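A closer look at the structure
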Amino acid sequence: MLVKTRAIIIHSLRYREADLIVKAYTQSSGLKSYLVRGVLKSKKGKLRASMFQPLTLLDLEANHKDKGTLESIREAKVNPAYQTLTANIYKSSIAMFLAEVLNQAIQEEEQNAALFQFLENSFLWLDKNEKYANFHLLFMVKLSSFLGFYPHQYDPDLPYFNLLDGEYQLDDTNKYCIQNENSELLKQFLSINYEEVSTIKLNQSKRKNFLEMLILYFELHLHGFKKPRSLDILHQLF
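Residues numbered from 1 in each chain as written. Predicted model: local features only at pLDDT ≥ 70, side-chain atom pairs only at ≥ 80, totals over all residues. Heavy atoms only, no water.

1. So, the sheet that holds strand E3 (residues 30-36)
Operational definition: For two strands to pair, DSSP has to find at least two bridges joining them. Numbering of helices and strands runs from the N terminus; a helix is a DSSP stretch of H or I covering at least four residues, while a strand is a stretch of E covering at least two. Axis definition: a line fitted to C-alpha atoms, limited for helices to the stretch in contact. Angles are taken between N-to-C directions and run from 0 to 180 degrees. A contact between two residues is defined here by any heavy atoms of the two lying within 4.5 Å.
Spatially, five strands are ordered E3-E2-E1-E4-E5 in an open sheet, and the strand pairing comes out antiparallel. Only two strands of the sheet have a single partner each, and these edge strands are E3 and strand E5 (72-78). Strand-to-strand twist of the sheet, defined as the mean angle between neighbouring strand axes without regard to direction, takes the value 40°. Here strand E1 (residues 2-15) runs beside strand E2 (residues 19-26); their pairing, made up of eight bridges, is antiparallel. Looking at E2, one finds that Leu 13 is bridged to Ile 21. Sheet contacts for helix H2 (residues 113-128): E1, E2 and strand E4 (57-63); angle to E1, the most-contacted strand, approximately 65°.

Printed below as a string of structure tokens:
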């Protein structure tokens, strides 16, 4: 079936000499994988390798057989083209990290229009704004709501955050209950949006510790989730 859809590139892998296997999250069909033939050698074709960089936003025309095999792309157009996300080393490092997170975290293949809109709006915000040092932290907190383990709304009187159950509670009931700066920071991130993300003031050490806590949270709730390889680079920059 010929499908026209918006898509966000999650991951691309070289296959043989000139092909790419591309994983994309599509507006119409959820998670899809495509075989893009000859794109690494083609200089005049409609499809170019640069279109399939992590988090690129595309208008796609594709053939979907929906049989669990690799699909094919007939046409693709970058829309819109990022202005700073790929040129700014700090933003591109965040993009690389979040693409790795999404590659592991999105495991359901079904269409989810709300998730697609969240991803698209998030990356467009990052591209356009200059106060983004905490963006990836808030992104992961918000992403958890689409993955089924968003932290339960907190009560100021409940001091412990239970990473295993995803909720604030009165007592320490297991080794994954935390009562520290990270549990208090999470309360702040639960109550803000991107426009307010710069109001949370963090130094490099605090940002690193909070991100490590979020990664552990994802590991506990997503089977097979591992620390992204780009994490060390992100820690160095932020």
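2. Focus: the nonpolar core
Inclusion rule: Definition of nonpolar core: a set of buried residues of the types Ala, Val, Leu, Ile, Met, Phe, Trp, Tyr and Cys, connected through side-chain atoms within 4.5 Å. For each residue, the accessible area found with a 1.4 Å probe, counting protein chains only, is set against the maximum for its type, and the residue is called buried under 20%, exposed over 50%, and partly exposed in between.
By size, the foremost hydrophobic cluster in this structure holds 59 residues, and its most contacted members are Leu 119, Phe 139 and Phe 189. The set of elements that each furnish at least two residues to this core consists of E1, helix H1 (89-105), H2, helix H3 (135-147), helix H4 (181-189), helix H5 (204-221) and helix H6 (231-237). Those residues in contact with Phe 189, other than ones at most four positions away along the chain, are Asn 134, Leu 137, Leu 138, Val 141, Val 197, Ile 200, Leu 202 and Phe 210.

3. Overview of the sheet that holds strand E8 (residues 177-178)
Strand order across the open sheet formed by three strands is E7-E6-E8, with antiparallel pairing between neighbours. Across the chains shown, the open sheet's two edge strands, defined by having one partner strand only, are strand E7 (167-169) and E8. Pairing between strand E6 (residues 160-162) and E8: two bridges, direction antiparallel. Its bridge partner lying in E8, Asn 162 is registered against Cys 177. Across the face of the sheet, H4 comes into contact with E6, E7 and E8 while running at roughly 125° to E7.

4. Examining the pairing of E4
Across the seven residues that make up E4, a large majority, five, are buried. Two elements, E1 and E4, share seven bridges in a ladder whose sense is antiparallel. Bridge assignment links Lys 4 to a residue of E4, and that residue is Glu 61. With six bridges joining them, E4 and E5 adopt antiparallel strand pairing. Directly across from Asp 59, in E5, lies its bridge partner Lys 77.

5. A closer look at the pattern of salt bridges
The condition is simple: We define a salt bridge as a side-chain nitrogen of Lys or Arg found within 4 Å of a carboxyl oxygen belonging to Asp or Glu.
Inspection of every chain in the model, using the stated rule, returns 13 salt bridges. One salt bridge in this structure joins Glu 61 and Arg 74, with 3.9 Å as the shortest N-O distance. Taken together, the residues Glu 61 in strand E4 and Arg 74 in strand E5 connect sequence positions 13 residues apart. On the accessibility criterion, Arg 74 (45% relative accessible area) is partly exposed. Across the pair Glu 212 and Lys 227 runs a salt bridge, and its minimum N-O distance is 3.1 Å. Placement of Glu 212 in helix H5 and of Lys 227 in the loop between H5 and H6 is noted, with a sequence separation of 15 residues between them. We classify Glu 212 as partly exposed; its relative accessible area is 24%. Salt bridges sharing partners connect three or more residues here, namely Lys 4, Glu 61 and Arg 74.

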